[in-house]
Amino acid sequence: MRFKEVIRAPLWLIAFVYFLFLSMVLSIWAALGNTPALITFGLLTIWLIYLYFKTALKIEVDQTHLRVGNASIEHVYIGEVNVLTSAQVKLIRTRDADPLAFLAIRFWSSKAVKVQVSDSRDKTPYWLITTKKGTELFKALKS
């Protein structure tokens, strides 16, 4: 394995969602009492923990493939690789976006790598991948 990274939701986002859940639990408690509120509290807590781990973005580069989540591409079909600045990421997510592109992005991150696809049979022009370690991913793809 040349490169491996797991991107999870930041703590502030988890706390925000948890506070929303707690307001729902408070509403249920006021309307229905203690038991339904405790059951709801337990279920929503378990669900949030499940979502935290299930929605993690896994990026792996080995000798033959780049894997992002469930998607995979062989190194043979990888063209130019660019580490993007925050300004470039904002533009490529919005105004300069290509609807055929593969997006593995997270809204809370402003760092990304753009990987061009050089397969004539594939209509996908590029992959846009959120990463905290852009230069390391670039080096792993180019070596």
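Up top is the structure.
Residues numbered from 1 in each chain as written. Predicted model: local features only at pLDDT ≥ 70, side-chain atom pairs only at ≥ 80, totals over all residues. Heavy atoms only, no water.

**What to know about the packing of aromatic side chains**
Here's step 1: Applying the stated rule across the entire model yields 5 aromatic pairs.
Here's step 2: Between Tyr52 and Phe53, the aromatic rings sit 5.0 Å apart at their centres with planes inclined by 85°, giving edge-to-face as the arrangement.
Here's step 3: It is Lys114 that lies over the ring of Tyr126; its NZ or CZ is 4.7 Å from the centre. (Phe/Tyr/Trp six-rings, centres within 6.5 Å; stacked < 30°, edge-to-face > 60°. Lys NZ or Arg CZ within 6 Å of the ring centre and 35° of its normal.)

**Description of the side chain of Glu5**
Here's step 1: Take Glu5: it is sitting in strand β1 (residues 3-7).
Here's step 2: With no salt bridge to any partner, buried Glu5 finds its closest opposite charge in Lys133, at an N-O distance of 5.4 Å.
Here's step 3: A polar contact is formed between the side chain of Glu5 and the backbone nitrogen of Lys132, at a distance of 2.9 Å.
Here's step 4: Aside from chain neighbours lying at most four places away, what touches Glu5 is Leu57, Lys58, Ile59, Thr131, Lys132 and Lys133. (Helix = DSSP H or I, 4+ residues; strand = E, 2+ residues; numbered from the N terminus. Buried < 20%, exposed > 50% of the residue type's maximum accessible area, 1.4 Å probe, protein only. Lys, Arg positive; Asp, Glu negative; His and termini not counted. Salt bridge = Lys/Arg side-chain N within 4 Å of Asp/Glu carboxyl O. Polar contact = N/O pair within 3.5 Å; in protein donor to acceptor, adjacent residues only side chain to side chain. Contact = heavy atoms within 4.5 Å.)

**A closer look at the pattern of salt bridges**
A pair can form between side chains of opposite charge whenever their charged atoms are brought close.
Here's step 1: Using the criterion set out here, one finds 4 salt bridges in the structure.
Here's step 2: Close ionic contact of Lys4 with Glu60 constitutes a salt bridge, the shortest N to O distance being 3.8 Å. Note that Lys4 is positioned in strand β1 and Glu60 in strand β2 (residues 57-61), a separation of 56 residues in sequence.
Here's step 3: Among the salt bridges present, the one from Asp96 reaches Arg95, with a minimum N-O distance of 3.1 Å.

**A closer look at the sheet that holds β1**
Here's step 1: Strand order in the open sheet formed by 4 strands is β1-β2-β3-β4, and the pairing between neighbours is antiparallel. The strands lining the two open edges of the sheet, one partner per strand, are β1 and β4 (71-74). Looking at each pair of strands side by side, their axes are set apart by 10° on average, direction ignored.
Here's step 2: In this sheet, strand β3 (residues 65-68) lies alongside β2 in antiparallel orientation, the contact comprising 3 bridges. Across the sheet, Ile59 pairs through a bridge with Val68, a residue of β3.
Here's step 3: Here helix α4 (residues 134-142) sits on the sheet in contact with β1, β2 and β3, set at roughly 40° to β2. (Pairing = 2+ DSSP bridges. Axes fitted to C-alpha atoms, helices over the stretch in contact; angles between N-to-C directions.)

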